[in-house]
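# Coordinate analysis (summary)
Each chain, written out:
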Amino acid sequence: MSLDPAMLGWMSPDTESYIPPVELGSVMRSSGLGEVIESNHPDFSVGDRVMGMFGWQELAISTGKGVNKVDASLPADMLLSVF
């Protein structure tokens, strides 16, 4: 998961912000790393290491849009720190 100073603003009730607030009880938006555990998508296989806007949660379901495969040999902290 990524941790960004903007997240504090996302938790405020400011409706004039550039992005809507994260509602109480909702998944905090953030970039994250994951491993494909089941797939019906032709571009992703079980075991692929991926990165995308998964938010702060243990499991995510995705259509594959905005998800990219990443090199499994690279450390997670490096992948989340380099843009």
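Each remark here, short or long, concerns the structure printed above.
Here the structure is a predicted model, which is why all the values come from computation and not from measurement. (Residues numbered from 1 in each chain as written. Predicted model: local features only at pLDDT ≥ 70, side-chain atom pairs only at ≥ 80, totals over all residues. Heavy atoms only, no water.)

### Re the overall build of the chain
The condition that has to hold: Helix and strand assignments follow DSSP, with helices taken as H or I runs no shorter than four residues and strands as E runs no shorter than two, numbered in order from the N terminus. Under the scheme applied here, a residue whose accessible area is under 20% of the maximum for its type counts as buried, over 50% as exposed, and between as partly exposed, the area being computed with a 1.4 Å probe on protein chains only. Throughout, a residue-residue contact means that at least one pair of heavy atoms, one from each residue, lies within 4.5 Å. Surface accessibility follows the Shrake-Rupley procedure with a 1.4 Å probe radius. Residue values consider only the protein chains on display as shielding. For this count, His and the chain ends are skipped, Lys and Arg are scored as positive, and Asp and Glu as negative. All charge positions are set by atom: Lys at NZ, Arg at CZ, Asp at CG, Glu at CD.
Scanning the chain from N- to C-terminus turns up two helices and three strands. The order of α-helices and β-strands along the chain, N terminus first, is α-β-β-β-α. In terms of overall dimensions, the chain has a C-alpha envelope of 40 × 25 × 20 Å along the principal axes. Counting over 83 residues, the chain shows a buried share of 25%. Within the chain, residue pairs in contact and separated by at least 24 positions form 34% of the contacts whose partners lie at least 6 positions apart. Surface accessibility of the chain: about 6400 Å² in total, with carbon and sulfur atoms responsible for 59%. Measuring between centres, the 4 positive side-chain charges of the chain sit 6 Å from its 11 negative side-chain charges.

### Examining the sheet that holds strand β1 (residues 32-35)
How we decide: Two strands qualify as a pair provided DSSP detects at least 2 bridges between them.
Across the sheet, which stays open at both edges, the three strands sit in the order β1-β2-β3 with antiparallel pairing between neighbours. Edge positions in the sheet fall to β1 and β3 (68-69), since each has one partner strand and no second. Across four bridges, β1 lies against strand β2 (residues 49-52) in antiparallel orientation. Residue pairing for β2: leucine 33 is matched across the bridge by methionine 51.

### Some details on the side chain of aspartate 48
Examined against the element boundaries, aspartate 48 turns out to sit in the loop between β1 and β2. Judged by relative accessible area, aspartate 48 falls into the buried class, the value being 17%. Other than its neighbours up to four places away in sequence, aspartate 48 contacts Gly34, Glu35, Val36, Asp43 and Lys69.

### Notes on the pairing of β2
Here two bridges tie β2 to β3, and the two strands are oriented antiparallel to one another. Its bridge partner lying in β3, methionine 51 is registered against asparagine 68.

### Considering the packing of aromatic side chains
Under the convention used in this document: For Phe, Tyr and Trp, where Trp contributes only its six-membered ring, two rings pair if their centres lie within 6.5 Å, and the inter-plane angle classes them as stacked under 30 degrees, edge-to-face over 60, or tilted in between. Note on geometry: a ring has a charge over it if NZ (lysine) or CZ (arginine) is within 6 Å of the ring centre and within 35 degrees of the ring normal.
A full pass over the atoms with the stated rule returns zero aromatic pairs. When the ring centre of tryptophan 10 is taken as reference, the NZ or CZ atom of arginine 29 above it lies at 4.9 Å.

### A few points about the environment of arginine 29
The line we're drawing: Pairing of N or O atoms within 3.5 Å defines a polar contact, subject to two protein rules: one partner must be a possible hydrogen donor and the other a possible acceptor, and residues neighboring in sequence count only if both atoms are side-chain atoms.
Among the secondary structure elements, arginine 29 is positioned in the loop between α1 (6-10) and β1. Once the C-alpha coordinates of arginine 29 and glutamate 58 are considered, the two residues, 29 residues apart in sequence, prove to be 13 Å apart. When neighbours within four sequence positions are excluded, arginine 29 is seen to be in contact with Met7, Trp10, Ile19, Pro20, Pro21, Val22, Met53 and Gly55. A polar atom in the side chain of arginine 29 sits 2.8 Å from the backbone oxygen of proline 20.

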